[in-house]
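Structure assessment
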Amino acid sequence: AQSVTQPDIHITVSEGASLELRCNYSYGATPYLFWYVQSPGQGLQLLLKYFSGDTLVQGIKGFEAEFKRSQSSFNLRKPSVHWSDAAEYFCAALKGGTSYGKLTFGQGTILTVHP
Amino acid sequence: NAGVMQNPRHLVRRRGQEARLRCSPMKGHSHVYWYRQLPEEGLKFMVYLQKENIIDESGMPKERFSAEFPKEGPSILRIQQVVRGDSAAYFCASSPGTGAYGYTFGSGTRLTVV
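Reference entry: report on the structure contained in this document.

Quick notes on the rules
Residues numbered from 1 in each chain as written. Chains lettered and ligands numbered in written order. Predicted model: local features only at pLDDT ≥ 70, side-chain atom pairs only at ≥ 80, totals over all residues. Heavy atoms only, no water. Disulfide = S-S within 2.5 Å. Helix = DSSP H or I, 4+ residues; strand = E, 2+ residues; numbered from the N terminus. Buried < 20%, exposed > 50% of the residue type's maximum accessible area, 1.4 Å probe, protein only. Core = buried A, V, L, I, M, F, W, Y, C linked by side-chain atoms within 4.5 Å. Contact = heavy atoms within 4.5 Å. Pairing = 2+ DSSP bridges. Axes fitted to C-alpha atoms, helices over the stretch in contact; angles between N-to-C directions.

1. What about the state of the cysteines?
Enumeration over the complete set of coordinates arrives at two disulfides over all chains. Shown here is the disulfide that connects C23 of chain A with C91 of chain A, its sulfur atoms set 2.0 Å apart. Between C23 of chain A and C91 of chain A the sulfur-sulfur dihedral comes to about -65 degrees; the bridge is accordingly left-handed. On the criterion of sequence distance, the pair formed by C23 of chain A in the loop between β3 (19-21) and β4 (24-26) and C91 of chain A in strand β10 (residues 87-94) is long-range, its members being 68 residues apart. Neither C23 of chain A nor C91 of chain A differs from the other in exposure class; each is buried. A disulfide bridge connects C23 of chain B with C92 of chain B, and the sulfur atoms are separated by 1.8 Å. Here C23 of chain B and C92 of chain B share a disulfide; its torsion about the S-S bond, -55 degrees, makes the bridge left-handed. In this pair, C23 of chain B sits in strand β3 (residues 19-24) while C92 of chain B sits in strand β9 (residues 88-95), placing the two residues 69 residues apart along the sequence. Neither C23 of chain B nor C92 of chain B differs from the other in exposure class; each is buried.

As structure tokens, this is what we get:
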């Protein structure tokens, strides 16, 4: 079955520290991959997406993600975290080449930022 | 250019009542998706609709839940005879075409069943 796994339920970092959120997928072929952020009580905002090509993807708010086919991973990174980055982050996948979009989400990672 | 509009933002229903959740997609978007987020869980796909057509409802519970996207007006997710387990955040997303175009999510409707 197609699935997306975020191994870390909760991560705490200090402001200014670097961040890496893990995401692994299980699909028959390389899916389209997304990272979303959700602030409390809000909807989801797209940070970045990967369809093909360059495996290092740049997104908004200084985030980037690297697609690694050999590890079936799409980890999200940020070199220096700001207090405003505290939120829940979701990795999602869409079957590549599909005719429509049925996103499969990971369980989410809650990021806490200490001053 | 307004984003995906969902209303109400919060909805409280007593057990056995009906809940109607509305979603107006972004202008120019003809594809609508509904997702449910239960407490402590990620989002789960429920249904995918285009105007006047249900394309995929594989994530919808078999009973009490229905969805529509009429030719005119918003998409509606209807839950009949709500139970406590229906309490969740329901998100709508829209896209201009099929999956690879990307999605825009609304802010969600938080349903509480008392």
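2. Overview of the nonpolar core
In this structure, L19, W35, L47, L48, F74, L76 and Y89 of chain A are the most contacted members of the largest nonpolar core, which totals 27 residues. When contributions to this core are tallied by element, the ones reaching two or more residues are β2 (10-14), β3, β5 (32-38), β6 (44-50), β8 (64-68), β9 (73-78), β10 and β12 (109-114) of chain A. Excluding its chain neighbours within four sequence positions, the residues that come into contact with L48 of chain A are L33, F34, W35, V57, Q58, G59, F63, E64, A65, F74 and L76 of chain A. In this structure, V4, V47, F69 and V82 of chain B belong to the second largest nonpolar core, which totals 23 residues.

3. Remarks on the sheet that holds strand β1 (residues 5-7) of chain B
Residue and element names in this part refer to chain B. Strands sit in the order β1-β3-β8-β7 across an open sheet of four strands; the sheet is antiparallel. Looking along the sheet, the strands with just one partner apiece sit at the ends: β1 and β7 (65-68). Ignoring strand direction, the axes of neighbouring strands in this sheet form an average angle of 15 degrees. Judged from the four bridges that link them, β7 and strand β8 (residues 75-79) form a sheet pairing that is antiparallel. Within the sheet, the bridge partner assigned to S66 lies in β8 and is R78.

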